[in-house]
Amino acid sequence: DAFSCTPPVVIWAWNFLTKQFEVRQKLENVAFASSVDVREHAGKVYLVISNGRGVHQASVFLWLEGSFRVDEVYGDIYNWDKGQTFGWVPAFFDDFVQDIETSFAVDTHLFNVEQDPRIFLAIANYKVGVSTLSPVTVYGWNLNGCSERRVDGCFELLATLPAVGAVSVDTFSYSQGGAPRHYVVIGNSFEGRGSSTVASNHEVNSFVYQVDLVTGTFELVQSIRTSSVQSVSVFAHCAHSVCSTFLAVANNRGLGGLATESRVYKWAPEVDKYGTACTVEGEVTSGQFQRVLDIPTLAALRLMYRAEGANGFLVAVLSSGLGIAARVYSIDDLVPRPRPIIDMPTVYGSCDQLLFDARASLNSAGRPLIPEWTVLGFPLVLSTAAMPGVIEDLVGTSELKSTFPIPMTRCAPGSADLCPDASYFPAGAYSFALQLTNWVGAVGHVGVTLRKFLSAAPRVEIRGEKERTVLGSKEVVLSAFAQRSNCEGKSRAGLVYSWTSSPQIPGYKDGILSTGLELVLLKNTLTLGEAYSVSFTVVQGDVEAVVSVMMHVEATKAVSKIKGGNRRVSLPKSLASGARAYNLDATSSFLPDRKVGGKHGGTLAYSWECARFVKVADDDVGVRLFPCADVTKDAITSPALAVDAAALRAKTINFAPDLIGVPTFTSGCKENGVERCDPTAKFYFSVTVCDAVTGASPCVKGAVGASTVTVEWSTSPFEAPEVLIAPPDALRVSTSVLPMALEGGVR
């Protein structure tokens, strides 16, 4: 009996009184269940269960509301009295719809789309016989289907999408200036040929199809390289008032074994199926997913998105020979947002033309950035109260660098002389906002304010971003540009420069920081946490032009150091517990912003982590943590750890858990000896340091202001000389003098 060897599908209901899940229903007529999906649509609740082997079918059920019924079998489930055959039956998935033929189906997905009253079903068939050339089948609900046995319809085949070892399927829709277009994402996985696998076998393409859900036609729009993918999941995430569609891919194993990278992609609707961004207005493109994030995972089974209020999270479910685990990542921006950097004079004389250059903006990945200007404020033309012509030209530009020459017009009606058109770029205060959009649709903004004088004025700007973050322990350099005015009525006097700040920086006479085009602020002269408005003033005759930047001063994160660096340690079998210790010393770590008597000072907080590389059979599991207490008696919050050599040798047994009781070393094993060596069998020790007063608490890797350094220890079963290399120290000066002589030269 095909049904006797598998457990039923159990449906649980949440009890709000007991705050626990309770068994609501058991579906016995399923075998080897491989996936379950539930969806509510048009007032009905659908359930589909696929069977991965044995009986190759997907069973579809509908939810039935509670009613009085006759039931001679399941009275105990309804809490009826013994022998009772009639009574109230609660709501269950009791309306069997149909069985759909499948072939080793491992995933099912119910979905619906806008502007279509039907519900749809996609089934990922893993293989047909021994061949993984098996399709993903898409079904649509037909109200007139299955008329011989149902009055409300059933699923009927709509499309058959080619796949290669499909293990996961998801769908999404996107509208671009018209009716929505619908897509099916298929995760393909290949485990290799025969009884053994090769790492490269796991690298296969997964597919994205555009499907017409009316005609059943489809087109392959993208192939995505995946590594033994286990799930694909499409989700929407919003950040900074912009919502986008993303694809999460859980890669199980790849060229590096079980330790591989799962990935997140962003849907770019303006990219065609060849990966080229569309620049023709009105042209409809197929769209593509663009890779935006890599997440190191260990034999990932799922990569799921969850939202809690305005916060988004990615949950990675991991599996290996060491058990099941889950990691949760808090996310904000999943894509690199453009960082606009605009060179643009902010002071103009009467005859100067507007110009800007935003080509230095960041996060374009070498691809074109799309600019969009918004005008926030401008002076009206005095004679007509109209908008200046330069505004219309600026808003209409699609370039990252542009100049707007002032057009010429007749100096007076009927005159043959030509003069600059004063209505094109009139004097006054202007305010703009520049938005840059990159290849994945992420946007960045920057505001610009400028002033146009009625008379001649020097052109002035401070290079770079107008608002920036600087580190207190680093030297700050600001560079300015100034040019004498060439406009009529200009002064013949030379330009006079001065730099000032608010609040004032102590140690400068009359508050003047510099009288040149460059300002250099020495390290540790700015107050941590302070915001400074630094102004550059240029005077030409009796005309004064001023530009400013805002600087936010932040603390420099701690510098972490471990004396000795990477090393090889000897772990002979003869070592007794406590007989030898290898030291991990992080006392040379320091806080750059704290100085006592000319030397680095301040109080540090420490946190140590201990790890080893692990293999399961031939698969690399990767670096895995273990309790530091297993190898040292020192607290992990100490500045130094004494690692017991005998205890560390005992840990070499855990390098390969499947090789019970066999120690593994990095090198030094004799041929035909009892020792086992593997070049990847290493230990890793990390220390994280923070400012104990103002830093993160607890002090952990990745915390704001924290710094982490890791050393790698190789091992040998025999005694070997110990070699240490001191960490670099900027305060150490060599006392040796090397003789030097000029031997020749080239021109």
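Structure shown above.
Residues numbered from 1 in each chain as written. Predicted model: local features only at pLDDT ≥ 70, side-chain atom pairs only at ≥ 80, totals over all residues. Heavy atoms only, no water.

What follows concerns the overall build of the protein. The helix and strand inventory of the protein stands at two helices and 49 strands. Within the protein, the proportion of its 747 residues that are buried is 46%. For the protein, long-range pairs separated by at least 24 residues make up 57% of all intrachain contacts whose partners lie at least 6 apart in sequence. (Helix = DSSP H or I, 4+ residues; strand = E, 2+ residues; numbered from the N terminus. Buried < 20%, exposed > 50% of the residue type's maximum accessible area, 1.4 Å probe, protein only. Contact = heavy atoms within 4.5 Å.)

Attention now moves to the state of the cysteines. Applying the stated criterion to the full structure yields seven disulfides. Across a sulfur-sulfur distance of 2.1 Å, C610 and C628 are joined as a disulfide pair. What sets the handedness of the C610 and C628 disulfide is the S-S torsion sign, and at about 110° it is right-handed. Here C628 lies in the loop between strand 44 (619–626) and strand 45 (640–644) and C610 lies in strand 43 (residues 604–616), a separation of 18 residues in the sequence. For C610, a relative accessible area of 2% puts it in the buried group. (Disulfide = S-S within 2.5 Å.)

Here the idea is plain: a probe the size of a water molecule rolls over the atoms and shows the empty space left. Here the second largest pocket defines a volume of roughly 590 Å³. Lining the second largest pocket are 25 residues, and of these D107, S168, S231, V232 and R302 sit closest to its centre. Looking at the lining of the second largest pocket, its residues break down into ten nonpolar, ten polar and five charged. (1 Å grid on protein atoms, 1.4 Å probe; cavity = no way out; pocket = protein on both sides within 12 Å on 5 of 7 lines; lining within 4 Å. Points joined across faces, edges and corners; volume = space filled by probe spheres on them. Nonpolar A, V, L, I, M, F, W, Y, C, P; charged D, E, K, R; others polar.)

Quick look at empty space enclosed by the protein now. Scanning all chains against the criterion turns up two cavities of 30 Å³ or more. Estimates place the volume of the largest cavity at around 50 Å³. Lining the largest cavity, in full, are R612, F613, K651, T652, F655, T664, A681, K682, F683 and T715. By residue class, the composition of the lining of the largest cavity is four nonpolar, three polar and three charged. By volume, the second largest cavity amounts to about 30 Å³. Along its surface, the second largest cavity is lined by V185, I186, S206, F207, V208, I224, T226, V232, L247 and V249. Every element with two or more residues in the lining of the second largest cavity is listed here: strand 14 (181–188), strand 15 (203–211), strand 16 (218–227) and strand 18 (242–251).

Looking at the secondary structure, you find A692 in the loop between strand 48 (683–691) and strand 49 (707–716). On the basis of relative accessible area, A692 is assigned to the partly exposed category, the value being 39%. When the C-alpha atoms of A692 and L604 are compared, they prove to be 4.8 Å apart, with 88 residues separating the residues in sequence. Setting aside residues up to four positions removed in sequence, A692 forms contacts with T603, L604 and A605.

Pairing in this open sheet of five strands is mixed, and the strands run 39-49-48-43-44 from one edge to the other. Sheet topology places strand 39 (567–570) and strand 44 at the edges, where each strand pairs with a single neighbour. Between one strand and the next, the sheet's axes are offset by a mean angle of 30°, whatever the strand orientation. With four bridges joining them, strand 39 and strand 49 adopt parallel strand pairing. Bridge assignment links V569 to a residue of strand 49, and that residue is T715. (Pairing = 2+ DSSP bridges. Axes fitted to C-alpha atoms, helices over the stretch in contact; angles between N-to-C directions.)

Scanning all chains against the criterion turns up 17 salt bridges. Among the salt bridges present, the one from D585 reaches K563, with a minimum N-O distance of 3.8 Å. With D585 in strand 40 (residues 581–585) and K563 in the loop between strand 38 (543–554) and strand 39, the pair connects residues that are 22 residues apart, well separated along the chain. Under the relative-accessibility criterion, K563 is labelled partly exposed at 40%. Across the pair R580 and E719 runs a salt bridge whose closest N-O atoms are separated by 2.6 Å. Placement of R580 in the loop between strand 39 and strand 40 and of E719 in the segment after strand 49 is noted, with a sequence separation of 139 residues between them. If you follow the salt bridges from partner to partner, you end up with K44, D95, R150 and D152 in one network. (Salt bridge = Lys/Arg side-chain N within 4 Å of Asp/Glu carboxyl O.)

What follows deals with the pairing of strand 5 (residues 57–64). Counted residue by residue, strand 5 has six buried out of eight residues, so it is predominantly covered. Strand direction decides the pairing type here: strand 4 (residues 44–51) and strand 5, joined by five bridges, are antiparallel. When the sheet's bridge partners are listed, Y46 is paired in strand 5 with L62. In terms of strand pairing, strand 5 meets strand 8 (residues 92–101) through seven bridges, oriented antiparallel. Each bridged residue has a counterpart across the sheet, and for A58 the counterpart in strand 8 is I100.

Structurally, the position occupied by T688 is in strand 48. Overall, T688 belongs to the buried group, its relative accessible area being 4%. Within the structure, the side chain of T688 is placed 2.8 Å from the side chain of T708, a separation counted as a polar contact. (Polar contact = N/O pair within 3.5 Å; in protein donor to acceptor, adjacent residues only side chain to side chain.)

For the coordinates displayed, the defined rule picks out 30 aromatic pairs. Look at F61 and F96: their rings are 5.6 Å apart centre to centre, the planes differ by 65°, and that puts the pair in the edge-to-face class. Within this pair, whereas F61 is found in strand 5, its partner F96 is found in strand 8, the two being separated by 35 residues in sequence. F61 sits in the buried class, given a relative accessible area of 3%. A ring pair is formed by W267 and F289, whose centres lie 4.8 Å apart and whose planes are at 65°; its orientation type is edge-to-face. Here W267, found in strand 19 (residues 259–268), pairs with F289, found in strand 20 (residues 288–298); they are 22 residues apart in sequence, far enough to count as distant. One exposure class covers both W267 and F289, and it is buried. These aromatic residues form a ring-pair network of at least three members: Y348, F356, W373, F404, F425, Y430 and F432. Stacked on the ring of F425, the Lys or Arg K452 has its end atom at 3.9 Å from the ring centre. Stacked on the ring of W713, the Lys or Arg R567 has its end atom at 5.2 Å from the ring centre. (Phe/Tyr/Trp six-rings, centres within 6.5 Å; stacked < 30°, edge-to-face > 60°. Lys NZ or Arg CZ within 6 Å of the ring centre and 35° of its normal.)

Bringing a nonpolar patch on the surface into the picture now. Together, V10, W12, W14, F16, F21 and V23 make up a nonpolar patch on the protein surface, roughly 670 Å² of accessible area in all. Ranked by residues supplied to the nonpolar patch, first place goes to strand 1 (residues 9–15) with three residues. Mapping W14 onto the fold places it in strand 1. (Patch = residues over 30% accessible without salt bridge, like charges linked within 9 Å, V, L, I, M, F, W, Y side chains within 5 Å. Areas by Shrake-Rupley, 256 points an atom, 1.4 Å probe, with all protein chains shown as cover.)

Further remarks concern the sheet that holds strand 8. A sheet is described by the order of its strands in space; here four strands give the open sequence 3-4-5-8, paired in antiparallel fashion. Strands with a single pairing partner mark the edges of an open sheet, and in this sheet they are strand 3 (33–41) and strand 8. Taking the axes of each pair of neighbouring strands and ignoring which way they run, one obtains an average angle of 20° across the sheet.

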